[in-house]
Amino acid sequence: MANVTDLQTKYSKLAQEYSKLRAQNQVLKKGVVDEQANSASLKEQLKQRDQSLRKQEQEMDSLSFRNQQLAKRVELLQEELAASEAKGKKGKHGLQTQSVFDEDLQKKIEENERLHIQFYEADERHKKTEAELRERLEKLEKDAEQHHGVVDGLTTKYAETIERLQSDKARLEVKAQTLEREAKECRMRTEDCQQQLRRCQSELNRQVKQSSSVIQEKVPFNDTKFSDYNSLNVPSHNRRHQLKARDVAGQAMSFIQDLVAALLNVHSYTEQRVHIYPLDSSIETISPLNQKFSQYLHENAAYVRPLEDSFLQLYQSITEDTVTVLETVVKLKNFADNFSSYTHFLQKILPYQLKSLEEECEAPLCTAALSAKNQELQSDIKRVTSVFEKLQNYINLLALPSVRQDAMPHSNTSAVFTQLAACLHSLHDAIKEMSKHYNQKADIERELPTVTQKLCTTTECLLGSLGSLTSCTGKIATFFSNNLDFFTSSGYSPRGSTAALNPVQAESMLANKKKATAYIQAVKKAKPQSVPYREALSNRRILTSSTESREGLTQQVQQSQEKIARLEQEKEHWLLEAQLGKVRLEKENQRIAELEAQLAAALGGSPNSQTAAAGALTRGHEEAAAELKAAEKEPTLCTSLVGMLCTTPTDEHVGDEESREQLIKSHYMARVGELTTQLQISDSKAVHFHSECRALAKRLAIAEKSRETFSEEVKLANQNITRLQDELATTKRSYEDQLSMMSDHLCSMNETLSKQREEIDTLKMGSKGNAKKNKGR
């Protein structure tokens, strides 16, 4: 499990890094596109500047050529002037020629000054352009350096990320291999478990079939002559069905409340819109048709509110102590009647709605698009009204069994519920389509010049009400489809029959439930106070383990008991031998004491008697020893209540047997008590061992389930690994392509910058050469 959590955390980290890199990649792409656009615009500007520079160079060349011609002309004129001055005064004709030359010279001087001014201005413009281009070039160099830095940083970062991802990939591959091995083992165990499950299922199915056949043949009370007596087959009260019905009715109650609120809002805002458009009632009188339509809409609460009230009564009638089937739900008829009255209300206002939309189409500022939308709304309103009529028919059919018995069989009820679910989906689609067309109509109306703020506000409120109505109908349709199995299932049915439950059987069922409740309460009152719940659970666990323990460890207990019995027999044998030896020793001690007393008495007489007594004593000892040896050699068998005993006959044979009987009886009673305690201890140990075995079996089942979940997680992890590997490969390829494109783009930019530098250098050299020529002139 820890490996799976680590994988998930690493996958989340990789996903976060991937999203960050993706965002950075988007920013880089945008920057590259912007730089490409800037470079293209700069190239275009550079071409334009080159063209203007060529034009200026051509003008400078033409001006320099013209200047040279003028300089030569001035030199010729100066020479002619000098020749004319050398000739002196030659009369009137010479003076006229001189004045003509002076005027021509003055014009040439003025033209030369004008050309010098133009040349100076062109030179200034050239310098200014050159300074701007130099500043632009410096800015582009800085941008290129920045882009180089960004590209280098991203290259290193991507390289580190790729290395880290590769290491993670290798580690994940190793983990995937281990998980695959575990998954194979889990599959093998799963197949074994599935085989066991199939065997269990087949056995359970066989038992279920056998039990159901017995129940169908023998349990139900089926009277073939008088069918009225079959009502004695009362089913048991289904509390789970009642709780589910209560829950479903509560959810439906909240949806009905939302539906009633949405319908009230739609009708109210429609009434307000009728008073505003196409004619405002505060300025001029609206048409009689719209007045009647507004009056009907004003009465909508009288038809909509009873839906909520009647369904609330229906919800309150469904409790845990009732029987909820179509035959016993009487309040459903009231809801069906109120729904029918609301449907009649919709049919009554339908022609007025259609006529109101036609009046809007006849308005002077109504466009063709607005008229088309009004026609679509007319068809939508007709469709919604027809769907409400279908809903009315289905609800009346469902309410019919509560009024008249045997009105509809169970199969037809299932079909009605299915059609009702489809009809609710149709209602949602129709209202959704009407809301969409109304939105489009509102967008067109906003563009009209005569639309007021009041109309816009009312339209927005109406659109919001339609949206809430659309969502509410969608929730109702989804809710009904999800609970369709519950609606179509028969929660109650008589035993041995598929017919529906009638009210007589429902009353009998509730009466039996009340009697059972009263009986249980009486039993609880008669009994002492019950134990706490936790103590009862612990006692139940102990009882379950103690009852189940004997079956699992019986064999071990039997073996232990056999061994204990064998050892006890041996022990009893030696204990009896020891007790018999002790009894013999006591008897012999008594005889010796008696003989010593006789000896002492004999010693108190004459020496002859003493010697005779001593001889008698010695003879008595010898005879006793001989008798004892003979008794030991010839044992006898004695029987009693506790069994048989091999004894040695003596003079006091009867007293010895009685004392020995008491000793053996007391010994056996003590041994029986010891064996009873040992048996109890062994039973408790066996119970403990069996409970441990049960716990281990449960843990094994839990481990099997966890292994199945782990196998599923392993499959998901493998899928995620393959998906991440594909994403990593695609990301790597995209990054490599982008880096190659960026490197190519930077190379092309460097080439363009080097070309621009060369052109600027050539322009500088050309401008310097022209400046030197002008200075030389």
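Residues numbered from 1 in each chain as written. Predicted model: local features only at pLDDT ≥ 70, side-chain atom pairs only at ≥ 80, totals over all residues. Heavy atoms only, no water.

**A word on the overall build of the chain**
Quick note on the threshold: Strands here are runs of E lasting at least two residues and helices are runs of H or I lasting at least four, both read from the DSSP assignment and numbered beginning at the N terminus. By definition in these notes, contact holds between two residues if any of their heavy atoms fall within 4.5 Å. Note on areas: Shrake-Rupley with a 1.4 Å probe; residue coverage comes only from the protein chains shown.
Of regular secondary structure, the chain possesses 15 helices and two strands. In the chain, of all internal contacts separated by at least 6 residues, the share reaching a separation of at least 24 is 82%. Looking at the chain as shown, the accessible area adds up to about 50,800 Å², and 55% of this sits on carbon and sulfur atoms.

**Things to note about helix α5 (residues 301–317)**
Working note: α-helix, 3.6 residues per turn, so residues spaced by three or four point in the same direction. The condition is simple: Helix span, expected: 1.5 Å multiplied by one less than the number of residues in the helix. Burial here depends on accessible area, computed with a 1.4 Å probe over protein chains only, as a share of the maximum for the residue type. Under 20% is buried, over 50% is exposed, and the range in between is partly exposed. The directions from the helix axis to the C-beta atoms form the arc being described.
Here α5 contains 17 residues, and its C-alpha end-to-end distance of 24 Å stays within 8% of the 24 Å for a straight helix at 1.5 Å per residue. All of the buried residues along α5 are V304, L307, S310, F311 and L314. Projected down its long axis, α5 shows its buried positions confined to an angular sector of 125°, all on one face. Within α5, the exposed residues directed more than 90 degrees away from the buried face are A302 and Q316. Against the buried residues of α5 lie α3 (239–276) and α6 (331–361).

**Re the pattern of salt bridges**
Quick note on the threshold: Salt bridges are counted wherever a side-chain nitrogen of Lys or Arg sits within 4 Å of a carboxyl oxygen of Asp or Glu.
Scanning the model with the defined rule gives 19 salt bridges in all. A salt bridge links E445 to R273; the shortest N-O distance between them is 2.5 Å. Residue E445 is located in helix α8 (residues 410–446), and its partner R273 is located in helix α3; the two are separated by 172 residues in the primary sequence. Neither E445 nor R273 differs from the other in exposure class; each is buried. We note a salt bridge from K333 to D337, for which the minimum N-O separation is 3.7 Å. With a gap of four residues between them, K333 and D337 both fall in helix α6, about one helical turn apart. Among the charged side chains, a salt-bridge network with shared partners connects R273, E360, K441 and E445.

**Let's talk about the packing of α3 against helix α4 (residues 288–298)**
Definition in use: Throughout, an axis means a line fitted to C-alpha atoms (over the contacting stretch in the case of helices), and angles, computed between N-to-C directions, take values from 0 to 180 degrees. An angle below 35 degrees is treated as roughly parallel, one above 145 as roughly antiparallel, one from 65 to 115 as roughly perpendicular, and anything else as oblique. Note: crossing handedness is left-handed where the near helix turns anticlockwise from the far helix by less than a right angle, and right-handed where it turns clockwise.
Where α3 contacts α4, the axes come no closer than 9 Å and their chain directions differ by 160°. Regarding the angle of α3 to α4, the classification is roughly antiparallel. Handedness of the crossing formed by α3 with α4: left-handed. Contacts between α3 and α4 involve H267, T270, E271, V274 and H275 from the former and N290, F293, S294, L297 and H298 from the latter.

**Considering the packing of aromatic side chains**
Operational definition: Pairs were defined over the aromatic rings of Phe, Tyr and Trp, the Trp ring being its six-membered one, requiring ring centres within 6.5 Å. Orientation was assigned from the angle between planes: stacked under 30 degrees, edge-to-face over 60, tilted for the rest.
Per the counting criterion, the structure on display carries 12 aromatic pairs. Ring plane angle 15° and centroid distance 4.7 Å describe the contact between Y303 and F345, whose orientation is recorded as stacked. Of this pair, Y303 sits in helix α5 while F345 is found in helix α6, placing the two residues 42 residues apart along the sequence. Exposure remark for Y303: the relative accessible area of 22% places this residue in the partly exposed category.

**Comments concerning the side chain of H428**
Looking at the element boundaries, H428 is found in helix α8. Judged by its relative accessible area of 18%, H428 is buried. Each residue touching H428, except ones within four places of it in the same chain, is listed here: T470, T473 and G474.

**Overview of the environment of T452**
Under the convention used in this document: Think of a polar contact as two N or O atoms within 3.5 Å of one another; within protein, one of them needs to be a possible hydrogen donor and the other a possible acceptor, and neighboring residues in sequence only count if both atoms come from side chains.
Take T452: it is sitting in the loop between α8 and α9 (453–482). In the structure, T452 is positioned 175 residues away from Y277 in sequence and 9.6 Å away in space, judged by C-alpha atoms. Here L455 takes part through its backbone nitrogen, which lies 3.3 Å from a polar atom of the side chain of T452.

**Some thoughts on the environment of L297**
Relative to the helices and strands, L297 resides in helix α4. Spatially, the C-alpha atoms of L297 and S268 are 7.0 Å apart, while their sequence positions differ by 29 residues. Non-local contacts of L297, meaning those with residues more than four positions away in its chain, are made with H267, T270, E271 and I349.

**Considerations on the nonpolar core**
Applied cut-off: Among buried residues, those of type Ala, Val, Leu, Ile, Met, Phe, Trp, Tyr and Cys that are joined through side-chain atoms within 4.5 Å constitute a nonpolar core.
Judged by nonpolar contacts, the single largest core of 69 residues is most densely connected at L332 and Y342. Of all the secondary structure elements, the ones that give two or more residues to this core are α3, α4, α5, α6, α7 (368–399), α8, α9 and α10 (484–488). For this core, the leading source of residues is α3, giving 14 residues. In contact with Y342, not counting residues within four places along its chain, are L263, H267, Y303, V304, L307 and F388. A363, I444, L448 and V451 belong to the second-largest nonpolar core, a separate cluster that totals nine residues.

**A word on the environment of E433**
Along the chain, the position of E433 falls in helix α8. Here E433 falls in the partly exposed class, since its relative accessible area comes to 26%. Taking the C-alpha atoms as reference points, E433 and E376, separated by 57 residues in sequence, lie 9.4 Å from one another. Setting aside chain neighbours within four positions, we find E433 in contact with D380 and R383.

**Some points on a positive patch on the surface**
So the rule is basically this: Residues enter patches when their relative accessible area tops 30% and they take part in no salt bridge; the joining distance is 9 Å for like charges and 5 Å for the nonpolar side chains Val, Leu, Ile, Met, Phe, Trp and Tyr. His is not counted, nor are the chain ends, whereas Lys and Arg count as positive and Asp and Glu as negative. For the purpose of locating charges, the reference atoms are NZ of Lys, CZ of Arg, CG of Asp and CD of Glu.
Residues R181, K184, R187 and K715 make up a contiguous surface patch of positive charge. For the positive patch, the element with the most residues is helix α2 (residues 92–218), which contributes three residues. Tracing the backbone shows R187 in helix α2.

**A few points about the side chain of N374**
Secondary-structure assignment places N374 in helix α7. For N374, a relative accessible area of 0% translates into the label buried.

**Section: the confidence of the model for the chain**
Rules: Every residue carries a pLDDT, the predictor's confidence in it, which falls somewhere between 0 and 100.
On average, residues of the chain score 76 in pLDDT, and 78% of them reach the 70 mark or higher. Predicted confidence is poor over residues 606–614, with pLDDT under 50, and the contacts of this stretch with residues over four places away or in other chains come to nine contacts. Every residue in residues 624–654 is under pLDDT 50, and counting partners more than four places away or in other chains gives 40 contacts.

**Focus on the packing of α5 against α6**
Quick note on the threshold: Residues are grouped as follows: nonpolar covers Ala, Val, Leu, Ile, Met, Phe, Trp, Tyr, Cys and Pro; charged covers Asp, Glu, Lys and Arg; every other residue, Gly included, is treated as polar.
The contact between α5 and α6 brings their axes to 8 Å, and the two run at 165°. Considering their axes alone, α5 and α6 lie roughly antiparallel with respect to each other. By crossing handedness, the relation of α5 to α6 is classed as left-handed. Residues Y303, V304, P306, L307, S310, F311, Q313, L314 and S317 of α5 form the contact with α6, whose own contacting residues are K331, L332, N334, F335, N338, F339, S341, Y342, F345 and K348. For the contact of α5 with α6, the per-class residue count stands at 11 nonpolar, six polar and two charged.

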